[in-house]
Amino acid sequence: MTEVHSFGNLPVIAHAWNKDRTQIAVSLGKNDVRIYHKQAGKWKLMHTLTEHLSRVLAIDWAPKTNRIVSASADYNAYVWTYENDTWKPQMVELQRTSRAVCCAKWSPQENKFAIGSSDKNVAICYYETEQRFWAAEMIKKKPKSTVTCLAWHPNNQLLAVGSCDYRVRIYTAAVKAVGDQPQPSKWGNIANTGELLHEFQSESGWTHDVAFSPSGENLAWVSHNSIIFAVSSKDPSRITMEITNYLPFRCILFVSESTFIVGGHEFSPLIYNYDDRRGAIEFVEKLDQQGASTGRQAIGEEGEFYTPYQASRLFDQPSMQTQSPEPVTTHQSMITQIVPYQTENMNLSKISSADLFGQVVIWNLSGK
Amino acid sequence: MTQPVPPRTSAHKPYLDAIRATLQAAFCIENFESQVVERHNKPEVEVKSSKQLLLNPVVISRNQNERILIEGSVNSVRISIAVKQADDLEKILCKRLMRFMMQRADDFHILRRKPIPEYDISFLITNFHAETMYKHRLVDFIIYFLEEIDKEISEMKLAVSSRARMCAEEFLKKFN
């Protein structure tokens, strides 16, 4: 059902799969991108892409064109192309970005990608074929705070941006230099690059992740106040909220047109259903079926007397009697990213989630 | 000393449960690079560089003397504890014990070298600690610390009083 892959004790900040899922690129909290290859059921380190000077914060692997974009805290982003058995980097010319680059995503047709950074900039980057470098077009109406997440609309021309100023914005991202013909979309008319089409507020919670549904009709995002928001292009003024009792979620991914998965501090991915006609978000189930075990009895419950000597020995116990139940979920730490793994008939059948203790888990969704 | 220590009464349970729930919510921290200085990664709760990155501080108190202040932010949490000090002897013992621990803050990792004003001891937990330590264990440790500090100070007070009594007896025997 679920496969668990472990990359040591280092946090998996970002991960991305290649097209046939035999290789995975991970950022383990260091300054490099590591590419592991699966050989005989074990992960072997194939390449180490070292060009960054600080922690690598985001990785995205374009399946068709086989390029990797990596963004790091040293305010640089590189595009890596695979030639002659090595990965060659090319710097992306990001003018005026002087803070960490937090997120990077290839567009669905992979001719451009978007990056968001800590100095409130969002840039859409494309390859200038004449001068042969990656040029960036900045969006002028900037968010007011760090950009935490990005999502492309399936039509390759709209970009949803979530940031720490509690807002989610939809911008147009049609770049004439790449030959994009502006198409009309349900969210608004696209004329130039970088126009702000919509702005949604999350009620004082930092936006952690944003996602478009496979057709682009629905947009959903999760924020730090444990609320899941969803809005449909048929009625952008009506935002549906679902206030959950769980700890905040950090990632969201649409599985089908109306079902999505969230994961985060709750240690287990959860499936939700969005009904845009009724305007409701309903909880479907928790992907991790193992329940939490009952914690061992706490010290000092009624009827127990300890001498001071015994009380001081309790500090030496390897596992202090915990009053909170030990999490017996597959993930033992916060889920950092959920990435699609396998698609069947327009629906996602497998997803992979990474957490802070070096684990990448592949979940099987078929039948849900 | 073989005098038994009575267990925690259930009156403390709501106080500790409230603290546990708040800590579990406040510990949802993640990596966040500084928006103000390039290439820096600072605990936002200490730097307070921008208001929107901070959460509302919460004070949970049992009475005027026993309080705990929890300040959260996007990548760090600061927990300050005010310990009950009933009389002068307890005040001295508490101050000594806290200073003993704060001087060794490097080995504690999550301890802060100076307490916040009006509190006796402070912890600073950043996302880098959360990446290497289990979150539920950190919460358990803070709760355990709260329970044990009171016990430790009472024991030390008993020890000081009994030792003082023995010394006085021996001294006054000379005049007998």
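Procedures and definitions
- Residues numbered from 1 in each chain as written.
- Chains lettered and ligands numbered in written order.
- Predicted model: local features only at pLDDT ≥ 70, side-chain atom pairs only at ≥ 80, totals over all residues.
- Heavy atoms only, no water.
- Helix = DSSP H or I, 4+ residues; strand = E, 2+ residues; numbered from the N terminus.
- Rg over C-alpha atoms; globule rule 2.2 N^0.38 Å.
- Buried < 20%, exposed > 50% of the residue type's maximum accessible area, 1.4 Å probe, protein only.
- Contact = heavy atoms within 4.5 Å.
- Areas by Shrake-Rupley, 256 points an atom, 1.4 Å probe, with all protein chains shown as cover.
- Lys, Arg positive; Asp, Glu negative; His and termini not counted.
- Charge placed at Lys NZ, Arg CZ, Asp CG, Glu CD.
- Salt bridge = Lys/Arg side-chain N within 4 Å of Asp/Glu carboxyl O.
- UniProt positions renumbered as here; feature names shortened; annotations may be inferred.
- Pairing = 2+ DSSP bridges.
- Axes fitted to C-alpha atoms, helices over the stretch in contact; angles between N-to-C directions.
- pLDDT = per-residue confidence, 0-100.
- Core = buried A, V, L, I, M, F, W, Y, C linked by side-chain atoms within 4.5 Å.
- Patch = residues over 30% accessible without salt bridge, like charges linked within 9 Å, V, L, I, M, F, W, Y side chains within 5 Å.
- Expected span 1.5 Å × (residues − 1).
- Arc of directions from axis to C-beta.
- Phe/Tyr/Trp six-rings, centres within 6.5 Å; stacked < 30°, edge-to-face > 60°.
- Lys NZ or Arg CZ within 6 Å of the ring centre and 35° of its normal.

## With respect to the overall build of chain B
Along the backbone of chain B there are six helices and four strands. N-terminal to C-terminal, the α/β element order of chain B is α-α-β-β-β-α-α-β-α-α. For 176 residues, the compact-globule estimate of 2.2 N^0.38 gives 16 Å, and chain B exceeds it by more than 25% at 20 Å. Along the first, second and third principal axes, the C-alpha set of chain B runs to 75 × 35 × 30 Å. For chain B, the proportion of its 176 residues judged to be buried stands at 47%. A separation threshold of at least 6 residues defines the contact pool for chain B, and within that pool the share at least 24 residues apart is 59%. Here chain B displays about 9700 Å² of accessible surface, and carbon together with sulfur accounts for 55% of that area. When the 27 positive and 24 negative side-chain charges of chain B are each reduced to one mean point, those points stand 4 Å apart.

## Observations concerning the pattern of salt bridges
Close approach of charged atoms allows side chains of opposite charge to pair. Residue and element names in this part refer to chain A. Taken as a whole, this structure holds 21 salt bridges over all chains when the rule is applied. Residue Asp 32 pairs with Arg 34 through a salt bridge whose shortest N-O separation is 3.6 Å. With a relative accessible area of 11%, Asp 32 lands in the buried category. For Arg 34, a relative accessible area of 18% gives the class buried.

## A word on the environment of Ala16(A)
Residues and elements named next belong to chain A. Position of Ala 16 relative to the elements: it lies in strand S2 (residues 14-17). Taking the relative accessible area as the measure of exposure, Ala 16 reaches 3% and is therefore buried. With 233 residues separating them in the primary sequence, Ala 16 and Phe 249 have C-alpha atoms 20 Å apart. Excluding residues within four positions of it along the chain, Ala 16 makes contact with Gln 23, Ile 24, Ala 25, Ile 59, Asp 60 and Trp 61.

## A closer look at the UniProt feature "domain: Anaphase-promoting complex subunit 4-like WD40" (unreviewed entry) in chain A
Residues annotated by UniProt as "domain: Anaphase-promoting complex subunit 4-like WD40" (unreviewed entry) correspond here to residues 105-174 of chain A. Across residues 105-174 of chain A, helical content stands at 0% and strand content at 56%; the span's end C-alpha atoms are separated by 15 Å.

## Some points on the sheet that holds strand S19 (residues 218-223) of chain A
All names here are of chain A. Taken in spatial order, the four strands make up an open sheet running S18-S19-S20-S21, and their pairing is antiparallel. The strands lining the two open edges of the sheet, one partner per strand, are strand S18 (207-212) and strand S21 (239-243). Each strand of the sheet is rotated relative to its neighbour by a mean of 15 degrees, with strand direction disregarded. The pairing of S18 with S19 spans five bridges and is classified as antiparallel. Among the inter-strand pairings, Thr 207 is bridged to a residue of S19, identified as Ser 223.

## Notes on the confidence of the model for chain A
In the predicted model, chain A carries a mean pLDDT of 80, and 87% of its residues have values of at least 70. Residue range residues 309-322 of chain A is modelled with pLDDT below 50. Its contacts to residues more than four positions away, or to other chains, number 19 contacts.

## Here's the deal with the nonpolar core
All names here are of chain B. The biggest cluster of nonpolar side chains holds 35 residues, and the ones touching the most others in it are Ile 68, Ile 79 and Phe 123. Mapped onto this core, the elements with two or more residues apiece are helix H1 (13-26), strand S2 (67-72), strand S3 (76-82), helix H3 (88-103), strand S4 (121-126) and helix H6 (135-173). In terms of residues, this core owes the most to one element, H6, which gives nine residues. Excluding its chain neighbours within four sequence positions, the residues that come into contact with Phe 123 are Val 77, Arg 78, Ile 79, Ile 81, Ile 110, Leu 111, Arg 112, Phe 141, Ile 142 and Phe 145.

## A few points about the environment of Ala18(B)
By secondary structure assignment, the location of Ala18(B) is in helix H1. In this structure, the C-alpha to C-alpha distance between Ala18(B) and Lys114(B), residues 96 residues apart in sequence, is 25 Å.

## A short note on the UniProt feature "repeat: WD" (unreviewed entry) in chain A
Sites flagged by UniProt as "repeat: WD" (unreviewed entry) map to residues 49-84 of chain A. With 0% helix and 61% strand, residues 49-84 of chain A has end C-alpha atoms that lie 15 Å from one another.

## A short note on a positive patch on the surface
All names here are of chain A. Together, Arg 96, Lys 120, Lys 140 and Lys 142 line one region of the surface with positive charge. The residue Lys 142 is located in the loop between strand S13 (133-138) and strand S14 (147-152) in this model. For Lys 142, a relative accessible area of 42% gives the class partly exposed.

## Looking at H3(B)
Residue and element names in this part refer to chain B. For H3, which comprises 16 residues, the first-to-last C-alpha distance of 23 Å matches the rise-based estimate of 22 Å (1.5 Å per residue) to within 8%. Residues of H3 that are buried: Glu 90, Leu 93, Cys 94, Leu 97, Met 98, Met 101 and Met 102. Along the axis of H3, the buried residues cluster in a sector spanning 155 degrees; they form a single face. Opposite the buried face of H3, at more than 90 degrees from it, the exposed residues are Asp 88, Ile 92, Lys 95, Arg 96 and Arg 99.

## Some details on the packing of aromatic side chains
Counted according to the given criterion, the structure contains 23 aromatic pairs over all chains. Here Tyr78(A) and Trp80(A) contribute two aromatic rings whose centre-to-centre distance is 6.1 Å and whose plane-to-plane angle is 45 degrees, an arrangement assigned as tilted. There is no split in this pair, since Tyr78(A) and Trp80(A) are both buried. Note on Trp106(A) and Trp134(A): the rings are 6.0 Å apart at their centroids and 70 degrees apart in plane angle, and the pair reads as edge-to-face. Of this pair, Trp106(A) sits in strand S10 (residues 101-106) while Trp134(A) sits in strand S13, placing them 28 residues apart in sequence. Each of the two residues, Trp106(A) as well as Trp134(A), counts as buried. An aromatic cluster of at least three residues, connected via ring pairs, comprises Tyr246(A), Phe249(A), Phe254(A), Phe260(A), Tyr272(A) and Phe283(A). If you follow Arg62(B) out to its NZ or CZ, it ends over the ring of Tyr15(B), 5.9 Å from the centre. The side chain of Arg67(B) reaches across the aromatic face of Tyr119(B), ending 4.8 Å from its centre.

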